[in-house]
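Fold and contact review
What follows is the residue order along each chain.
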Amino acid sequence: QVLSHNLCTVLNVPHDPVALEEHFRDDDEGPVSNQGYMPYLNKFILEKVQGNFDKVEFNRMCWTLCAKKNLSKSPLLISDEDAFKVWVIFNFLSEDKYPLIIVPEEIEYLLKKITEAMGAGWQQEQFDHYKIALNTSREGLSAWELIDLIGSGQFSKGMDRQTVSMAINEVFNELILDVLKQGYMLKKGHKRKNWMERWFVLKPNIISYYVSEDLKDKKGDIILDGNCCVEALPDKDGKKCLFVIKCLDKTFEISASDKKKKQEWIQAIQSTVSLLRAGSPPPHKEARQKRKELRQKLLAEQEELERQMKELQAANENKQKELETVRKQLEAAAARAAEEEKKRLQTQVELQDRFSLELEREKMVRQKMEEQVAQKSSELEQYLQRVRELEEMYKQLQEALEDEKQARQDEETVRKLQARLLEEETAKRAELEKWHLQQQQTIQMTEAEKQELENQRMMKDQALQVAMQQLKQLELERKEALEQYEEVKKKLETAANNTKSWKDKVAHHEGLIRLIEPGSKNAHLITNWGPAAFTEAELEERQRSWKGKKATSE
């Protein structure tokens, strides 16, 4: 109850004793434990924190709870207050995992800051030896080990307690209290216009000024934002090193002790305003975040390198195994090769003896084969002579077949011509019958039209006479086609007789040549004058000629 009440007081959270009693009511599970207190702490205290509390007082309360148990009993060169500040700085710089430790990089950063604040030189070689010894045993230091390291004076030899205390306080103000700069300056009043000495403290968004550096009597604040600006002023009213801070509602005239202090304050305030405009955190917090990201990147790269090394090592081991397997296989292959070479030599001797016997036998066989080849050569000459005779007969037979094929083509042409003439004759007869019907119709017409019809009849009679002449001409052409057909028919019979005689001759030569038979005939055109064969071109030519004559007669 005391702890919960004090936590609520420090964190500005209303205390609820009823909820505390309800949460820790005794039951069959036994007395209150730490595991039971953490849910209460998270639910009823930490979840209600708004952020409007004094962080230093909260840290001091936590220090009070844990310092007595964990702080070293051996004498230290720093006071308990300095140890408390180191403990708070540790909580700021430690890694975000439990148990909390501070890594060597952050230890180096903190020791450098303290050494610079003391005005001493940094001993990098000394820290490198310490870092090597630290890395071999652990990843970092706990808060109490860090206090022992700074309190032992290992990195502050030659410095008195007061100098070390002032350096720790300066680093505490910068890292924890966000104090970017502090010091005495003169400030001009707004009402009385008099100059008073004040202790100024610059933070990321505010400049507070006090009566003295003990920070007990606060006189006012200068609220900084992105609209503020700082400018140097010329000397006036007997005051030197003047500069002015302009805000939206007020303007503050300040006098520094010398030109160096004036320039330092102007640069510090301008940097603070620039950070406010950019929305960036304070420099030490941004630097801490960058160092943390760099460590994470290096750690990821190291893990990736270790993974690759493991893969390479595994691949190397596999290669070694493969090489060992190949070496054994080569040894086995060499043994097999030696054995096979021995067998080969033995086999070679046996083969030489066998080949000698086979060579003698081959010579005898070769003589017999030469005799047989001579006999076969004479038989081959006779066979080739016979083949040449058959080839000559085959050429003559092909010529006879070509003659027969040409005769059949001529016959087909004549038949097509006769068919065409028959079609023309049929068309003429149909036209004559049509004219005859028209003449009979005109005779029946009235007497008034008789003269006109008589003229038309005369014209048609003339056309009829022309058609009769054309018909006679077609009759003569048909007779000529019949004569040509008879000639072609005689040629075809002659070619058939020749083919039949050649068939008889070829039948006596053991069937070495296969006769080429004529192909199937096309469908014949049959007219009333008898069979005829004409080409399509001849039929089209005769049709064009007849149409031309008809047009001329009309």
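Residues numbered from 1 in each chain as written. Predicted model: local features only at pLDDT ≥ 70, side-chain atom pairs only at ≥ 80, totals over all residues. Heavy atoms only, no water.

Let's shift gears to the packing of aromatic side chains. Summed over all chains, the structure comprises nine aromatic pairs. With a centroid separation of 6.4 Å and 70 degrees between ring planes, the pair formed by F200 and W265 is classed as edge-to-face. You can see F200 sitting in strand β2 (residues 195-203) and its partner W265 sitting in helix α10 (residues 259-278), a full 65 residues away along the chain. Assigned by exposure class, F200 and W265 land together as buried. Members of the aromatic cluster, connected to one another through ring pairs, are W63, F84, W87 and W144. (Phe/Tyr/Trp six-rings, centres within 6.5 Å; stacked < 30°, edge-to-face > 60°. Helix = DSSP H or I, 4+ residues; strand = E, 2+ residues; numbered from the N terminus. Buried < 20%, exposed > 50% of the residue type's maximum accessible area, 1.4 Å probe, protein only.)

Further remarks concern helix α5 (residues 80-93). With 14 residues, α5 ought to run about 20 Å at 1.5 Å a step, and its terminal C-alpha atoms sit 20 Å apart, in line with that. Most of α5 sits out of view: 11 of its 14 residues are buried. For α5, the set of buried residues is D82, A83, F84, K85, V86, W87, V88, I89, F90, F92 and L93. (Expected span 1.5 Å × (residues − 1).)

The subject of this paragraph is a nonpolar patch on the surface. On the surface, L305, M309 and L312 cluster together into a nonpolar patch covering about 320 Å² of accessible area. Its place among the elements puts L305 in helix α11 (residues 283-443). Taking relative accessible area as the criterion, L305 reaches 48% and is therefore assigned partly exposed. (Patch = residues over 30% accessible without salt bridge, like charges linked within 9 Å, V, L, I, M, F, W, Y side chains within 5 Å. Areas by Shrake-Rupley, 256 points an atom, 1.4 Å probe, with all protein chains shown as cover. Salt bridge = Lys/Arg side-chain N within 4 Å of Asp/Glu carboxyl O.)

All right, on to the pattern of salt bridges then. The full count for this structure, using the stated rule, is 23 salt bridges. D461 is the salt-bridge partner of R457, the closest N and O atoms lying 2.8 Å from each other. Remark: D461 and R457 occur in helix α12 (residues 450-507); sequence separation between them is four residues, near one turn of the helix. A salt bridge links R544 to E541, with the shortest nitrogen-to-oxygen separation between them at 2.7 Å. Of this pair, R544 and E541 are both found in helix α13 (residues 536-553), three residues apart, which corresponds to roughly one turn of the helix. Residue class for E541 comes out partly exposed when judged on its relative accessible area of 45%. Through salt bridges with shared partners, one network takes in K188, K236 and E253.

Our focus in this paragraph is the sheet that holds strand β1 (residues 181-188). What the seven strands build is an open sheet, ordered β4-β3-β2-β1-β7-β6-β5; its pairing is antiparallel. With one partner strand each, in any of the chains shown, β4 (218-223) and β5 (229-233) form the two edges of the open sheet. Shown here is a sheet whose adjacent strand axes are inclined to one another by a mean of 35 degrees, direction ignored. Here β5 runs beside strand β6 (residues 242-246); their pairing, made up of five bridges, is antiparallel. Its bridge partner being in β6, E231 is matched across the sheet by V244. (Pairing = 2+ DSSP bridges. Axes fitted to C-alpha atoms, helices over the stretch in contact; angles between N-to-C directions.)

Formed by 40 residues in total, the largest nonpolar core has its most connected members in W63, W87, I107, L110, I114, I147 and I150. Counting residues per element, the ones that place at least two in this core are α4 (55-70), α5, α6 (104-118), α7 (124-137), α8 (143-151) and α9 (161-175). A per-element tally of this core places α5 first, with nine residues. Those residues in contact with W63 that lie beyond four places of it in its chain are L71, D80, A83, F84, W87, W144 and I147. Membership of the second largest hydrophobic core comes to 21 residues, among which are F200, Y209, F243 and V273. (Core = buried A, V, L, I, M, F, W, Y, C linked by side-chain atoms within 4.5 Å. Contact = heavy atoms within 4.5 Å.)

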